[in-house]
Amino acid sequence: MKDDLRVQIVDDDFHVARLHATYVNGAPGYMALEPVGTGGAALEAIHAYRPDLVLVDIYLPDGNGLDILRGLDIDAFVLSAASDPSSVRKAMRRGALGYLIKPFSEKQLAEKLRGYGRYRRLLASESALDQEALERAVRQLHSSDAQTAKARTVTENAVLGALGRTPGALTAVDVSATVGISRATAQRYLSALVEDGSVDVNLRYGTTGRPEHRYSLRAT
């Protein structure tokens with residue numbers, strides 16, 4: 001799809017790379033680019049296609065995969081059999097947003113990708129972040145889906161409370177006025193709650209003829 005996040009896989013094992021590409025393509029909102037197997041090919045592909053996310057192995061035939069991250073302005077996860085603390089620390093120093101130790105399941109990678117998607121959405125606004133919103137965004141990268149649903153912030157609970165107290169669906173403007181936050185902040189939190197399954201969103205046309213996103217608590 002046009003708006004899918006594009007993922008570049010870098011792994012010298014052809015079968016593993018294909019398997020990971022299948023995992024990525026099975027995650028809603030993601031599309032795997034053609035995998036590459038060397039650091040040199042990875043740099044060429046990244047500069048040519050500008051993927052949204054790179055999944056890189058450490059052990060590559062022409063060097064250390066972590067060297068790819070040096071100097072690149074791009075999001076990346078490390079997928080590697082390397083489980084020593086030194087490799088993990090080095091990956092984080094080089095800017096890796098996540099680390100999965102091989103072998104891992106499709107479910108584990110899908111969970112990481114969903115967290116990354118929530119992280120991207122929470123940081124998509126051009127408005128300035130408050131500290132709570134910043135910490136929530138970063139937390140998405142390291143929390144499981146279950147933890148995300150349970151670890152509600154004060155603002156999230158306030159947004160959910162506003163939706164629960166009011167009959168019918170609300171717009172981001174309605175939530176903003178009820179909770180006492182900016183429209184951009186309300187929109188950011190509503191989008192995250194839609195993503196983790198707590199809130200439903202529907203598109204309706206208002207009196208001006210313009211479409212409005214209306215939010216309501218998901219029925220349990």
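Residues numbered from 1 in each chain as written. Predicted model: local features only at pLDDT ≥ 70, side-chain atom pairs only at ≥ 80, totals over all residues. Heavy atoms only, no water.

Student: Just give me the short version of the overall build of the chain, but keep the residues and values in it.
Tutor: Assigned secondary structure in the chain consists of 10 helices and 9 strands. Overall, the chain is about 60 × 35 × 35 Å in size when its C-alpha atoms are taken along their principal axes. Relative to its full complement of 220 residues, the chain shows a buried share of 42%. Taking as baseline every contact in the chain between residues at least 6 positions apart, the subset at least 24 positions apart corresponds to 51%. By element, 52% of the accessible surface of the chain is carried by carbon and sulfur atoms, the whole surface being about 11,600 Å². In the chain, the 27 positive side-chain charges and the 27 negative ones have mean positions that sit 5 Å from each other. (Helix = DSSP H or I, 4+ residues; strand = E, 2+ residues; numbered from the N terminus. Buried < 20%, exposed > 50% of the residue type's maximum accessible area, 1.4 Å probe, protein only. Contact = heavy atoms within 4.5 Å. Areas by Shrake-Rupley, 256 points an atom, 1.4 Å probe, with all protein chains shown as cover. Lys, Arg positive; Asp, Glu negative; His and termini not counted. Charge placed at Lys NZ, Arg CZ, Asp CG, Glu CD.)

Student: I'd like to hear about the environment of Arg-214, residue by residue, with values.
Tutor: Take Arg-214: it is sitting in strand β9 (residues 211-217). When residues no more than four places from it in sequence are discounted, the contact partners of Arg-214 are Ala-169, Leu-170, Thr-171, Asp-174, Asp-200, Val-201, Asn-202 and Arg-204. Within the structure, Arg-214 has its side chain in polar contact with the side chain of Glu-212 (distance 3.0 Å). (Polar contact = N/O pair within 3.5 Å; in protein donor to acceptor, adjacent residues only side chain to side chain.)

Student: I'd like to hear about a nonpolar patch on the surface, residue by residue, with values.
Tutor: Among the surface-exposed residues, Leu-123, Leu-129, Leu-134 and Val-138 lie close enough to one another that they form a single nonpolar patch of about 280 Å² accessible area. With respect to the element layout, Leu-123 can be found in the loop between α5 (106-122) and α6 (131-140). With relative accessibility at 34%, the residue Leu-123 sits in the partly exposed group. (Patch = residues over 30% accessible without salt bridge, like charges linked within 9 Å, V, L, I, M, F, W, Y side chains within 5 Å. Salt bridge = Lys/Arg side-chain N within 4 Å of Asp/Glu carboxyl O.)

Student: Help me get a handle on the side chain of Ser-176, residues and values and all.
Tutor: Tracing the chain through its elements places Ser-176 in helix α9 (residues 172-179). For Ser-176, a relative accessible area of 13% puts it in the buried group. Here the side chain of Ser-176 touches Arg-183 through a polar contact of 3.5 Å, landing on its backbone nitrogen. Setting aside chain neighbours within four positions, we find Ser-176 in contact with Ile-181, Ser-182, Arg-183 and Ala-186.

Student: Describe the nonpolar core, with residues and values.
Tutor: Counting 25 residues, the largest nonpolar core has Val-24, Leu-55 and Tyr-116 as its most contacted members. Listed by contribution, the elements that provide at least two residues to this core are β1 (5-10), α1 (14-25), β2 (30-32), β3 (53-56), β6 (75-80) and α5. Looking at which element gives the most residues to this core, the answer is α5, with 5 residues. In this view, Val-24 contacts Val-7, Ile-9, Tyr-30, Met-31, Ala-32, Leu-55, Leu-109 and Leu-113; residues no more than four positions away in its chain are not counted. Counting 20 residues, the second largest nonpolar core, distinct from the first, contains Val-10, Val-36, Ala-45 and Val-56. (Core = buried A, V, L, I, M, F, W, Y, C linked by side-chain atoms within 4.5 Å.)

Student: Residue-level account of the pattern of salt bridges, with values.
Tutor: According to the stated counting rule, one finds 6 salt bridges in the structure shown. The residue Asp-57 makes a salt bridge to Lys-102 at a minimum N-O spacing of 3.2 Å. In this pair, Asp-57 sits in the loop between β3 and β4 (59-60) while Lys-102 sits in the loop between β7 (98-101) and α5, placing the two residues 45 residues apart along the sequence. Between Arg-214 and Glu-212 there is a salt bridge, and its shortest N-O distance comes to 3.0 Å. Classification of Glu-212 by relative accessible area gives partly exposed; the value is 29%. What you see here is one network of salt bridges that share partners, running through Asp-11, Asp-57 and Lys-102.

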